[in-house]
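Structure assessment
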Amino acid sequence: MSLLKLNRTKTLDSQVTLVRPSGVLLPDHSFVAGHRFKLSQFSVASLALRASLAVALCGSLLTLTAHAADNAQASSDSSDEYIYSEKQIPQAALSSQETVNIDKISQNLEKGSYQPIPLQSIIDPTTGVRIDDVYRIDVPEQLSLLQAQNVLVQVSPKLASNNAGITANQLQSDATKGLKQPLVFLRAGATRYRVDADVDLMGLKTGINDSVEEALPILPSEDVEKISNAITGRLPDEYNLKREGSTTSAGVAMLWPVYTAGRTQAVTDLADARTVESQADALLDKDQLQTTLVERYFTAQLAMLAAYLREDALNTVRETNHMAQRYLEEGFISGVDRLEAQTALAEAESEAIKARHDAQLAMTALQRLLRAPKPIKPTTPLFVSSKPLPSLQYFQDLALKNHPGLKKVDAKYAQAQSLSNLSDTEFKPTVSVFGYHEIDKDPSWIAGVSASWKLWGGLDKGAQHASGQAKMRQAQLAKIDVSDNILLLVEKNWQSVENARVRFQSLNSNVLLAQELLRYKQLGMKEGVNTALDVTTAQTKYLQARTEQAAAANDYVQALAALMESIGTPEAFNEYMAVADIKLPTVY
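Quick look at the structure, then. Nothing here was measured: the structure is a model prediction, and the numbers come from that model. (Residues numbered from 1 in each chain as written. Predicted model: local features only at pLDDT ≥ 70, side-chain atom pairs only at ≥ 80, totals over all residues. Heavy atoms only, no water.)

Re the packing of aromatic side chains
Following the criterion strictly, the structure yields seven aromatic pairs and no others. Ring centres of Tyr297 and Phe298 lie 5.2 Å apart, and the angle between their planes is 75 degrees; this geometry places the pair in the edge-to-face category. Judged by its relative accessible area of 0%, Tyr297 is buried. In this structure Phe298 comes out as buried when scored by relative accessible area, which is 0%. In this structure an aromatic cluster arises from ring pairing among Tyr297, Phe298, Phe383, Tyr556 and Phe573. The ring of Tyr520 carries Arg519 above its face, with NZ or CZ at 4.9 Å from the centroid. (Phe/Tyr/Trp six-rings, centres within 6.5 Å; stacked < 30°, edge-to-face > 60°. Buried < 20%, exposed > 50% of the residue type's maximum accessible area, 1.4 Å probe, protein only. Lys NZ or Arg CZ within 6 Å of the ring centre and 35° of its normal.)

Right, dumping it as structure tokens:
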């Protein structure tokens, strides 16, 4: 099986199989940096019968579903996200541990270019589960946010699980399409028989004698007895029957439910609604994962920037400490001032070590999310837009239109409506056409129409109908509640973005003032006006001002990601990032 096309035309209409923890140590002791899930979408035409709901109406569909799944072919529809063929890969290609560069995968995802990639099998070292039809990717240590997003889509087990669930529901939905079609069965049989039995004829002879007496009552008994003996005299008291042979038979049977009062359509609609619900759930998880990625990515960026600032401050304190030592030797400062400089140096070294550890932890958290073998170093800088966001109403309108939570509620309503329609069919009859024809030289056949109408018994039809109506009302009220919560969440996130933007801009003056104060304190120490403690205090204030401003930028980014998730379009985060006019420096 080889991957033929990677095309980002849809988000969720695909099947994903695979999960792998970060890094796999191969038998040749080489370390694989990552892997890629195999995503595929089965064609509707090749899987017309799929299991589950149809089983309740026809058990034979199970066999047809399994056969169809085994012979599934790849779809070439442009709506597919990932398309594959059943082409066999040579064993040598399977055994080779080839990795694919992430830039090449990203290019495929963005442009939909064709790229054959050999698929492999791995054993997940955490769970011991064998995962087939995957290919490995080389994830570099330094990643932009766009690259990280592409990697997340490829390696997330949550997305893989959700997409597999979507495919399962789609198969179940397509399975119900065959309920409207006639069922045709082929029956064939071969029989071998042997009979060896003694048949008692005394009862038959007695019956004949009694019948003769009743039929000829006017004749003398002697004459009647002669007639009876003449009839039964040649019959033995018992007869030995021996027969042996074989027979064959074959025929075609057909059953077609021509009128089901809407039962089959209700079942199909129910399966379709469940598919839509699973898609909405997958969208919710995908949006949440994208927000988690932004959170961890820029938290790591902030932690590395903080570590860099701490290192910069440590270098300044070291210079101050060296200068204090020279001034002490020349007699310009006292031993107490020298001790203050040493204390400040020890504190700066401790804070620098802590900042490095925090940055390492943040990069490790990003690594775990992307299932990479090494800590990830983010290259996309923190950013802030000096321009305010569009109006709150604009984002609230987008949320009511795009939020997958509302799509899920709509799917629940559609399911309730299908159940209500199904309960309504209990008041109507079912009409079927049937027939059977033997396959023989002189065949027999039968054909007819049957109708059935349940009058009483089983589930209460009125209660079923009322239950369906109650579920529909429940879904309607739930949509109102979910809409209110979404609007409130959008407003909260919108306000958080604006607050972070204003705070970042207000901290500009603090940074400039703290920088100027540090410069004056350093000059004052050279002139003997200020002490090492004064310089260290000014350095601490400058570091605090820059760190607070970077934290405000991170707050802006995190709030913006949360806002994009709350309106149901997390991918719009990249658009706001692209037009941002303020970008903080990066370490890498």
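From this point, things continue past the structure.
Let's talk about the pattern of salt bridges
Tallying each qualifying case throughout the model produces 14 salt bridges. One salt bridge connects Lys408 with Asp281, and the closest N-O pair in it is separated by 3.0 Å. Of this pair, Lys408 sits in helix H11 (residues 404-424) while Asp281 sits in helix H8 (residues 263-330); the two residues are 127 residues apart in sequence, bridging distant segments of the chain. Of the charged contacts in the structure, one is a salt bridge between Arg501 and Glu498, with a shortest N-O distance of 3.0 Å. Taken together, the positions of Arg501 and Glu498, both in helix H12 (residues 461-526) and three residues apart, correspond to about one turn of that helix. With relative accessibility at 10%, the residue Arg501 sits in the buried group. (Salt bridge = Lys/Arg side-chain N within 4 Å of Asp/Glu carboxyl O. Helix = DSSP H or I, 4+ residues; strand = E, 2+ residues; numbered from the N terminus.)

Side note on a nonpolar patch on the surface
On the surface, a nonpolar cluster with roughly 390 Å² of combined accessible area is contributed by Val184, Leu186, Val252 and Ile439. Turning to its location among the elements, Val252 is positioned in strand S14 (residues 238-259). (Patch = residues over 30% accessible without salt bridge, like charges linked within 9 Å, V, L, I, M, F, W, Y side chains within 5 Å. Areas by Shrake-Rupley, 256 points an atom, 1.4 Å probe, with all protein chains shown as cover.)

Concerning unusual backbone geometry
If you check the backbone angles, Ala261 has positive phi at about 65 degrees while not being a glycine. Mapping Ala261 onto the fold places it in the loop between S14 and H8.

Concerning the nonpolar core
Ranked by size, the top nonpolar core spans 53 residues in total, and within it Phe298 and Phe573 carry the most contacts. Per-element tally for this core: the top contributor is helix H13 (residues 532-566), with 10 residues. Excluding residues within four positions of it along the chain, Phe298 makes contact with Leu145, Thr380, Pro381, Leu382, Phe383, Asn554, Val557, Gln558, Phe573 and Met577. (Core = buried A, V, L, I, M, F, W, Y, C linked by side-chain atoms within 4.5 Å. Contact = heavy atoms within 4.5 Å.)

A look at the packing of H8 against H13
In contact at an axis separation of 10 Å, H8 and H13 are set at 170 degrees when each is read in the N-to-C sense. With respect to each other, H8 and H13 are oriented roughly antiparallel. Counted by class, the contact of H8 with H13 contains 15 nonpolar, nine polar and six charged residues. (Axes fitted to C-alpha atoms, helices over the stretch in contact; angles between N-to-C directions. Parallel < 35°, antiparallel > 145°, perpendicular 65-115°, else oblique. Nonpolar A, V, L, I, M, F, W, Y, C, P; charged D, E, K, R; others polar.)

Side note on the sheet that holds strand S17 (residues 430-438)
Strand order in the open sheet formed by four strands is S13-S14-S17-S18, with antiparallel pairing between adjacent strands. Either end of the sheet is taken by a strand with one partner, and the two such strands are strand S13 (183-200) and strand S18 (445-452). Averaged over all pairs of adjacent strands, the angle between strand axes in this sheet comes to 25 degrees, irrespective of strand direction. The pairing of S14 with S17 spans seven bridges and is antiparallel. Following the sheet pairing, Ala253 is matched in S17 by Tyr436. (Pairing = 2+ DSSP bridges.)

A short note on a negative patch on the surface
A cluster of acidic residues, Asp210, Glu213, Glu214, Glu222, Asp223 and Glu225, forms a negative patch on the protein surface. Locating Asp223 in the fold gives a position in helix H7 (residues 221-232). Under the relative-accessibility criterion, Asp223 is labelled partly exposed at 32%. (Lys, Arg positive; Asp, Glu negative; His and termini not counted. Charge placed at Lys NZ, Arg CZ, Asp CG, Glu CD.)

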